[in-house]
Amino acid sequence: MGFIYPGLLPFSFKKQYILMKFNFRKYSLVALASAALLSSCSSSDGESAPADTYDRDAMVAHYADNLIIPAYATFSAKAEAMHTAINAFAATPTAVNLQAARAAYLDAYTAWQDASVFEFGPASDQLLRTNLNIYPTSSAEIEANITAGTYDLQAAANLDAKGFPALDYLLYNAADATLLEQYTNAANAAKRKKYLQDVSALIKQRAAATYQGWTNGGYTSTFKQAKGTAVGSAIGSLVNELNQDIDNTKRNKIGFPSGRFSQGTTLPDRVEAYYSQSFSLELLKRSIKAEKAVFMGMTTNGTNGPGLDDYLDYVKAPYGQGLLSDAIEQQFDAALAAVNAIQEPLVQAVNTQPQAVTKAYDELQKLIVLTKTDMPSALGVTITYNDSDGD
Amino acid sequence: MLQKLKPYLTAQVSAAPLAVFRVIFGGMMLASILRFMAKGWVTDLYVTPKVYFPYYGFEWVQPLGETGMHALFILMALAALGLMLGLFYRLSAVLFFLSFTYVELIDKTNYLNHYYFVSVVALLLVLVPAHRHFSLDVLRKPHTWVSHVPRWAVLIFKLQLGLVYFYAGLAKLHPDWLLEAMPLRYWLPAHTHLPLIGTWLDKAWIAYLFCWFGAFYDLTIPFFLSWRKSRLVAYATVIVFHVLTAVLFQIGMFPYIMMVSTLIFFSEKFHERLLQGLKGITRARTPAFQRYSHTTAQPILLYLLALHFAVQALVPWRFILYPGQLFWTEQGYRFSWRVMLMEKTGTAFFYVRDPKTGRETEINNRDYLTVNQEKQVATQPDMMVQYAHLLKQDFASRGIANAEVRAEIYVAMNGRGSRLFIDPTVNLAAEKDSFLPKAWILPLNPNTAPPQDALGQN
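On a predicted model such as this, the values are computed, not experimentally measured, just so you know.

Quick notes on the rules
Residues numbered from 1 in each chain as written. Chains lettered and ligands numbered in written order. Predicted model: local features only at pLDDT ≥ 70, side-chain atom pairs only at ≥ 80, totals over all residues. Helix = DSSP H or I, 4+ residues; strand = E, 2+ residues; numbered from the N terminus. Contact = placed C-beta atoms within 7 Å. Rg over C-alpha atoms; globule rule 2.2 N^0.38 Å. Buried ≥ 20, exposed ≤ 12 C-beta atoms within 10 Å, placed from the backbone. UniProt positions renumbered as here; feature names shortened; annotations may be inferred. Domains from an automatic or database assignment. Nonpolar A, V, L, I, M, F, W, Y, C, P; charged D, E, K, R; others polar. Pairing = 2+ DSSP bridges. Axes fitted to C-alpha atoms, helices over the stretch in contact; angles between N-to-C directions. Expected span 1.5 Å × (residues − 1). Parallel < 35°, antiparallel > 145°, perpendicular 65-115°, else oblique. Core = buried A, V, L, I, M, F, W, Y, C linked by C-beta atoms within 7 Å. Left-handed = near helix turned anticlockwise from the far one by under 90°.

(A) Expanded view of the overall build of chain A. The number of helices and strands found in chain A is 17 helices and 2 strands. In chain A, once contacts between residues fewer than 6 apart in sequence are set aside, the share between residues at least 24 apart is 73%.

(B) Geometry of the overall build of chain B. Along its length, chain B carries 19 helices and 6 strands. In terms of overall dimensions, chain B is globule-like: its C-alpha atoms have a radius of gyration of 25 Å, near the 23 Å expected for 458 residues. With respect to the three principal axes, the spread of C-alpha positions in chain B is 85 × 50 × 45 Å. The buried share among the 458 residues of chain B stands at 45%.

(C) Structural context of the UniProt feature "domain: HTTM-like" (unreviewed entry) in chain B. The UniProt feature table records "domain: HTTM-like" (unreviewed entry) at residues 10-270 of chain B. Helix makes up 67% of residues 10-270 of chain B and strand 2%, with an end-to-end C-alpha separation of 22 Å.

(D) Examining the UniProt feature "domain: Imelysin-like" (unreviewed entry) in chain A more closely. Taking the UniProt record as the reference, the feature "domain: Imelysin-like" (unreviewed entry) is found at residues 68-368 of chain A. The span residues 68-368 of chain A is 67% helix and 1% strand, and its two end C-alpha atoms sit 22 Å from each other.

(E) The domain arrangement of chain B, seen in detail. Residues and elements named next belong to chain B. Structurally, chain B comprises domain 1 (1-158 + 300-332) and domain 2 (343-454). Once you take the C-alpha centre of each, domain 1 and domain 2 turn out to be 34 Å apart. Residue-level contacts link 16 residues of domain 1 with 19 residues of domain 2. In terms of residue class, the side of domain 1 that touches domain 2 is made up of 8 nonpolar, 5 polar and 3 charged.

(F) Layout of the pairing of strand β5 (residues 404-413) of chain B. All names here are of chain B. The element β5 is extensively covered by neighbouring structure, given that 10 of its 10 residues are classed as buried. Side chains Glu404, Arg406, Glu408, Tyr410 and Ala412 of β5 all project onto a buried face; the interleaved residues Val405, Ala407, Ile409, Val411 and Met413 project onto the opposite face, where all are buried too. As defined by bridge partners, strand β3 (residues 344-353) adjoins β5 across 10 bridges and the pair is classed as antiparallel. The residue bridging Gly346 from the neighbouring strand is Val411, located in β5. By the bridge criterion, 3 bridges tie β5 to strand β6 (residues 416-420) in an arrangement that is antiparallel. When the sheet's bridge partners are listed, Tyr410 is paired in β6 with Leu420.

(G) Summary view of the pairing of β3 of chain B. Residue and element names in this part refer to chain B. With respect to burial, β3 is a largely interior element, 8 of its 10 residues being buried. Bridge analysis of β3 against strand β4 (residues 360-362) gives 3 bridges, and the strand direction is antiparallel. By the bridge assignment, Arg353 is partnered in β4 with Glu360. Linking β3 back to β4 in an antiparallel pair, the connection comprises 6 residues, with Gly358 at a positive phi of about 75°.

(H) Spotlight on the domain arrangement of chain A. Residues and elements named next belong to chain A. Along its sequence, chain A is organised into domain 1 (56-225) and domain 2 (228-383). On a C-alpha basis, the centroid separation for the pair domain 1 and domain 2 is 23 Å. Taken together, the contact pairs 27 residues of domain 1 with 29 residues of domain 2. Contributing elements (two or more residues each) for the side of domain 1 that touches domain 2: α3 (56-91), α4 (95-115), α8 (163-172) and α11 (219-225). The dominant element in the side of domain 1 that touches domain 2, judged by the number of residues it contributes, is α3, at 9 residues.

(I) Broad picture of the environment of Phe100 of chain B. All names here are of chain B. Mapped onto the elements, Phe100 comes out in helix α5 (residues 89-106). Remark: the alpha-carbon pair of Phe100 and Val118, spanning 18 residues in sequence, is separated by 8.2 Å. Residue contacts for Phe100: discarding those within four places in its chain leaves Met76, Val118, Ser119 and Ala122.

(J) Highlighting the sheet that holds β3 of chain B. Read across the sheet, 4 strands follow the order β4-β3-β5-β6 (chain B) without closing on themselves; strand pairing throughout is antiparallel. The sheet terminates laterally at β4 and β6 of chain B, the two strands that pair on one side only. Looking at each pair of strands side by side, their axes are set apart by 20° on average, direction ignored. Its contacts with the sheet put helix α17 (residues 354-379) of chain A on β3, β5 and β6 of chain B, and the angle it makes with β3 of chain B is roughly 150°.

(K) Quick peek at α17 of chain A. Residues and elements named next belong to chain A. Across its 26 residues, α17 extends 36 Å between first and last C-alpha, which sits within 8% of the 38 Å expected from 1.5 Å per residue. Most of α17 sits out of view: 20 of its 26 residues are buried. A positive backbone phi angle near 65° is found at Gly380, which sits one or two residues after α17.

(L) Molecular detail of the packing of helix α2 (residues 16-38) of chain B against helix α13 (residues 254-261) of chain B. All names here are of chain B. Where α2 contacts α13, the two axes come as close as 10 Å, and the packing angle between them is 170°. With respect to α13, the element α2 is oriented roughly antiparallel. Contacts from Ile24, Phe25 and Met28 in α2 reach Tyr256, Ile257, Val260 and Ser261 in α13. Tallied by class, the residues present in the contact of α2 with α13 amount to 6 nonpolar, 1 polar and no charged.

(M) Broad picture of the nonpolar core. Judged by nonpolar contacts, the single largest core of 230 residues is most densely connected at Ala80, Phe96 and Leu391 of chain B. Here this core takes 15 residues from α3 of chain A, the largest share from any one element.

(N) Highlighting the packing of helix α12 (residues 234-255) of chain A against α17 of chain A. All names here are of chain A. One can describe the packing of α12 onto α17 by two numbers: an axis separation of 10 Å at closest approach and a directional angle of 165°. Between α12 and α17, the angle is such that the two are roughly antiparallel. Where α12 crosses over α17, the handedness of that crossing is left-handed. Across the interface between the two elements, Ile235, Val239, Leu242, Asn243, Ile246, Asp247, Thr249, Lys250, Ile254 and Gly255 from α12 touch Val357, Ala360, Tyr361, Leu364, Gln365, Leu367, Ile368, Thr371, Lys372, Met375, Pro376 and Leu379 from α17. Among the residues making up the contact of α12 with α17, the classes are represented as 14 nonpolar, 5 polar and 3 charged.

(O) Highlighting the UniProt feature "transmembrane region" (unreviewed entry) in chain B. In this numbering, the UniProt entry assigns the feature "transmembrane region" (unreviewed entry) to residues 20-38, 72-102, 114-131, 152-170, 205-225, 232-257 and 300-321 of chain B. What you have in residues 72-102 of chain B is 90% helix and 0% strand, and the ends, taken at the C-alpha atoms, are 9 Å apart.

(P) View of the environment of Gly162 of chain B. All names here are of chain B. In this structure, Gly162 sits in helix α8 (residues 151-171). Residue classification places Gly162 among the partly exposed positions, given that 17 C-beta atoms sit within 10 Å. Residues Gly162 and Phe213 lie 51 residues apart in sequence; the distance between their C-alpha atoms is 17 Å.

Dropping the structure here:
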């Protein structure tokens with residue numbers, strides 16, 4: 001094609017003059033190239049890319065095939081196992097079955113942390129973040145629903161009466177003996193079992209539907225075909241939802257409980273998995289690790305494939321004296337280290353170790369500055385759906 | 001000087017170019033408005049937001065509610081149709097200018113140079129007799145028909161278009177653009193999936209080529225379009241240039257508006273033949289004699305237009321009056337045809353402090369702002385002040401009087417790593433928006449400590 005300008009940079013004035021002189025010829029060349037561009041049918045670019053380009057398609061495929069689909073496969077399987085365990089417990093509410101149900105619940109909740117980044121396509125259709133993890137859960141609404149025996153768990157009013165936080169309440173709201181009592185001899189035992197099963201069934205359904213959307217539903221090819229970096233592109237969705245997820249981690253998992261949004265008044269009951277008390281930190285760490293893995297393009301078995309970090313290196317995104325990708329990776333590690341330094345369960349730590357909790361929050365805040373400001377900027381990822389300025 | 005130029009400016013020229021421009025511009029506006037409505041943007045931009053960011057001095061411009069806004073857009077569409085058909089022309093032109101400009105003044109979040117361009121052209125259209133040739137008004141009142149109009153009525157549009165291009169070109173004579181190929185060096189590689197040209201967009205030298213060519217194009221195209229000998233090639237370049245920008249960037253209707261508006265540079269013959277062709281289709285007949293349009297208000301109009309173009313020529317230079325780097329502070333950035341010059345992204349954390357208790361709370365921006373608004377607030381100082389006042393008001397309504405608002409804002413611009421943008425200790429709610437320089441904007445200093453060192457020390 002006649003698009004190639006022989007020199008490298010038309011830096012000097014002399015060269016600019018030459019550029020002006022030959023301009024009309026170049027005009028016609030550009031015109032030709034552009035006409036060809038207009039007439040050529042869209043979609044796949046048949047030409048093989050020059051060696052020094054970054055294979056974005058391979059990166060997107062790696063995310064879809066090796067990170068996203070496996071994450072939903074695992075999550076869906078764990079949700080299924082959880083539902084089986086909960087059914088077993090409902091059928092035979094023994095202490096052993098309770099422990100099994102709780103273990104399966106924690107397993108699924110953990111797998112959810114690995115999948116929550118990918119809130120686009122099927123997950124967005126299923127509104128997974130909203131349907132599965134709104135907390136604090138409303139014990140009052142849950143109890144009212146149980147007592148009533150009829151409820152619409154799909155209704156917006158029940159968003160804080162379902163999902164994992166509701167399971168957390170249903171499985172942990174009292175000491176083991178009392179809790180077993182709720183499911184055996186208490187007044188609404190049968191209705192409570194039904195509610196427990198309904199909540200877990202809904203999680204299982206939505207997890208399965210999301211997984212199906214990626215596999216049989218054909219979203220994988222939609223995703224791989226959504227090229228570029230505009231809103232709705234694969235890379236655009238990944239970057240924006242990764243940022244949203246880090247923001248949720250910062251705000252919901254630490255910010256609200258530690259009083260950041262309530263004038264310093266701590267709100268321990270706003271921690272994730274409040275009723276089980278001891279899992280909040282584990283879930284928090286898991287989500288930061290998952291977000292880091294997404295950034296790095298790291299699979300669960302530790303294979304570091306082509307990821308956003310490599311893409312940043314390819315566009316030579318700088319930060320200070322070094323690389324932006326390194327700065328972000330280090331900041332993920334700093335955030336994880338800060339969370340690791342919190343000694344007690346978060347529900348207590350917000351009051352007993354405010355400095356450690358604040359430190360974790362601040363490290364996540366620094367991370368967001370890098371991932372939300374520098375990263376989209378360097379990758380040309382847009383966050384608006386609107387027209388922007390240009391000539 | 002105007003006296004000397006007057007014979008030239010008032011000399012009679014063919015009315016065809018002006019009539020064609022009216023039809024094309026009205027048609028493009030109608031299409032733009034329908035597209036805007038079809039995309040649901042009337043609701044997204046002017047109904048659902050909880051707050052708005054009016055321009056300084058135009059705080060009285062408020063959205064009109066869901067029904068009101070849609071009615072306003074329908075009125076705007078009808079006015080654009082009136083422009084296109086030349087029906088009730090003056091009324092249509094005035095209504096179009098007012099409705100369009102009103103909408104643009106509601107929220108500076110949505111500021112685009114090309115919306116400003118539309119407002120300016122609409123204002124100019126109010127002043128010219130574009131409806132007295134090839135229009136329904138002439139069908140209604142045949143005695144109003146003219147074959148010729150004074151030269152200034154056509155010239156002002158060429159001048160305005162030329163000014164837009166030239167200033168857009170001047171703005172590109174910036175080290176970031178010419179020496180770093182920013183922001184194109186970041187933007188072009190995002191389009192490597194495009195057929196044919198895609199594989200080239202990864203190359204740094206292509207970004208440089210685009211930058212230098214873009215600057216050259218903007219600075220020279222008005223002249224090449226004006227010169228008869230170069231006009232055809234220049235217009236081919238207009239098409240190529242704007243098709244490229246349309247393919248590469250998310251800029252809506254603007255490339256198409258420019259592609260058809262620049263037809264006004266073509267000869268009278270060209271436009272007459274164009275109208276002849278259209279008349280063939282519509283079977284309209286026109287008198288064979290000539291008739292001139294006379295506007296009694298011409299002398300005053302000419303002075304007003306001279307004033308308009310003086311303002312147009314000076315406003316883009318107002319940034320000189322402000323300290324600091326224009327791209328960084330954005331003081332004097334708007335209304336200057338600075339397009340596509342910056343990749344600027346910010347992240348803003350706002351904090352509201354109750355002066356009574358001394359306790360501070362972080363704000364979830366999305367509780368107040370739309371995605372677009374949050375994005376703009378994070379880089380534009382005047383909007384930060386407006387937002388701080390909105391927060392102060394909201395907290396006052398919830399029983400916390402005189403709340404103090406500060407913000408930690410990090411901005412990355414044209415490949416420079418993110419850094420603190422404003423003084424994070426300043427109470428923005430105590431600042432008043434004005435045209436005075438904002439002393440709390442931190443300088444764009446390449447040696448500013450990265451956020452790792454700056455954050456968490458307050």
